Amino acid sequence: MDGVAHFTLENDEGGGTTLAMSGPLLVSTIGQFEDELEQVSEDIATVDISEVEEIDTVGAWVVSKFARRHSAEIIGASDSAHHLIGAVESASSEADMRPERDPVWKRVAIRMGERVYNARGSVYGVVGFLGQVLIGFASVLRHPSRFPLKALVRQMELVGVAALPIIGLMSFLIGIVIAQQGAVQLSQFGAETLTVNLVGRITLRELGVLMTAIMVAGRSGSAFAAQIGTMKLTEEVDAMRTIGISPIEQLVIPRILACTFMMIVLGFFSSVVGIVGGAVIGQVALGIPFFTFLERIQEVVPIYDVWVGLIKAPVFGLIVALAGCYNGMQVQGNSEEVGTRTTMAVVSAIFAVIVIDAFFAVFFTEIGWG
């Protein structure tokens, strides 16, 4: 034998066909042999394995499957082969390898229901985390010496000062786009001058603070989740608790305060730069002098639009910081969880910001600030 499994077909005196196997029936040699067996179309009465040199569980399973498919009798088995084939046959099952699947409309409904039901756990977790933060604030107020001032200043630098260039560039470009597209549409009605109203109101009232919140969620909210999550993974948070330091006071509160306060600055800065971008387009494309554009902003934009943006900003900052810190504190198990929770922090923060912004729009309209 050459170390490869073979088979031959022989006709016996009773008119039946015998398939005689020879060679080693092992997992390392049976791959092509099994494919060749699948091509056998004759009616096989017996399977002779008396010439098989070696056989393992995989070989026994192949022999048993072939014999069962052809309703053939296995003969010539040695004691070890007989034992293996018997074990394989006793363990075989006719059950489906895959469970029956529900129709797609039912699977979608069940999946959505499970997600909605499981969302209550996240709601409970966020409410509990907010309670821990409030308790942490109360503890710091009772013991001002424990207030993490240096950490707060550092986070204000990271969240606010370091973000000024990218937010300024983004807002400038958004202002350009709003002015250019608005002018194109308004020109159809001969009202290009109303581009000033459009840029001023939509920037100060909505897009300035909203786009800033989205940018801060992607930039700082993800950083909060990744930083705290990594500390949880390396057991630094547990070590802080062991030595009597509150992670809420030292890690969460500085980030929440920094993000809440700096969102006011960033939101106002974003709105101003967006208006400057619109003024540039006014100068270049509409023939409105740059400073005339800025003077008209003061005339056509009511002061309450500024207050609307300033009121939204700290709320959005609080949401972004809570989402980042909460998901960071939920990390456990392995490093993959850090990436998962970071993604959840960004997505949940952006979703919550847009939902709250919709509520603000309705609220300010109802009180006459529409």
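Residues numbered from 1 in each chain as written. Predicted model: local features only at pLDDT ≥ 70, side-chain atom pairs only at ≥ 80, totals over all residues. Heavy atoms only, no water.

**Topic: helix α6 (residues 164–186)**
Along its 23 residues, α6 runs 32 Å from first to last C-alpha, staying within 8% of the 33 Å computed at 1.5 Å per residue. The inward-facing, buried residues of α6 abut α7 (195–233) and α9 (247–286). (Helix = DSSP H or I, 4+ residues; strand = E, 2+ residues; numbered from the N terminus. Expected span 1.5 Å × (residues − 1). Contact = heavy atoms within 4.5 Å.)

**Focus on the pattern of salt bridges**
Applying the stated rule across the entire model yields 13 salt bridges. Salt-bridge contacts for Glu-34 lead to Lys-65; the nearest nitrogen and oxygen are separated by 2.9 Å. Of this pair, Glu-34 sits in helix α1 (residues 31–38) while Lys-65 sits in helix α2 (residues 57–70), placing them 31 residues apart in sequence. When its relative accessible area of 23% is taken as the criterion, Lys-65 is described as partly exposed. (Salt bridge = Lys/Arg side-chain N within 4 Å of Asp/Glu carboxyl O. Buried < 20%, exposed > 50% of the residue type's maximum accessible area, 1.4 Å probe, protein only.)

**Describing the nonpolar core**
Phe-129 and Phe-316 are the most contacted members of the largest nonpolar core, which totals 43 residues. Secondary-structure elements contributing two or more residues to this core are α4 (104–142), α5 (149–159), α7, α8 (236–242), α9, α11 (303–329) and α12 (335–366). Aside from chain neighbours lying at most four places away, what touches Phe-316 is Val-209, Leu-210, Ala-213, Met-263, Val-353, Ile-356, Asp-357 and Phe-360. Membership of the second largest hydrophobic core comes to 22 residues, among which are Leu-19, Ile-49, Val-63 and Ala-72. (Core = buried A, V, L, I, M, F, W, Y, C linked by side-chain atoms within 4.5 Å.)

**Comments concerning the packing of aromatic side chains**
This structure, assessed with the given rule, holds eight aromatic pairs. Seen in terms of ring centroids, Tyr-304 and Trp-369 are 5.9 Å apart; in terms of plane orientation they differ by 15 degrees. Their pairing is stacked. Remark: Trp-369 occurs in the segment after α12 and Tyr-304 occurs in helix α11; sequence separation between them is 65 residues. An aromatic cluster is built from Tyr-304, Phe-316, Phe-360, Phe-363, Phe-364 and Trp-369, whose rings are joined through pairwise contacts. (Phe/Tyr/Trp six-rings, centres within 6.5 Å; stacked < 30°, edge-to-face > 60°.)

**Things to note about a nonpolar patch on the surface**
The grouping of Val-104, Trp-105, Val-108 and Met-112 at the surface amounts to a nonpolar patch, some 460 Å² of accessible area in total. Looking at where Met-112 falls in the secondary structure, it is placed in helix α4. When its relative accessible area of 48% is taken as the criterion, Met-112 is described as partly exposed. (Patch = residues over 30% accessible without salt bridge, like charges linked within 9 Å, V, L, I, M, F, W, Y side chains within 5 Å. Areas by Shrake-Rupley, 256 points an atom, 1.4 Å probe, with all protein chains shown as cover.)

**What about the packing of α7 against α12?**
Following both chains from N to C, one finds α7 and α12 inclined at 150 degrees, their axes separated by 8 Å at the closest point. Considering their axes alone, α7 and α12 lie roughly antiparallel with respect to each other. The two elements α7 and α12 cross, and the hand of that crossing is right-handed. (Axes fitted to C-alpha atoms, helices over the stretch in contact; angles between N-to-C directions. Parallel < 35°, antiparallel > 145°, perpendicular 65-115°, else oblique. Left-handed = near helix turned anticlockwise from the far one by under 90°.)

**Remarks on the pairing of strand β2 (residues 17–25)**
The buried fraction of β2 is high, at nine of nine residues. In terms of strand pairing, strand β1 (residues 6–11) meets β2 through six bridges, oriented antiparallel. Within β2, the residue paired with His-6 across the bridge is Ser-22. With six bridges joining them, β2 and strand β3 (residues 46–55) adopt parallel strand pairing. (Pairing = 2+ DSSP bridges.)

**Quick look at the sheet that holds strand β4 (residues 73–75)**
The strand order across the open sheet formed by four strands is β1-β2-β3-β4, and the pairing between neighbours is mixed. Every other strand in the sheet has two partners, leaving β1 and β4 as the edge strands with one partner each. Taken pair by pair, the neighbouring strands of this sheet meet at an average axis angle of 25 degrees, ignoring direction. Taken strand by strand, α2 contacts β2, β3 and β4, and its axis lies near 175 degrees from that of β3. Helix-sheet contacts for helix α3 (residues 79–91) involve β3 and β4, and the interaxial angle to β3 is about 115 degrees.

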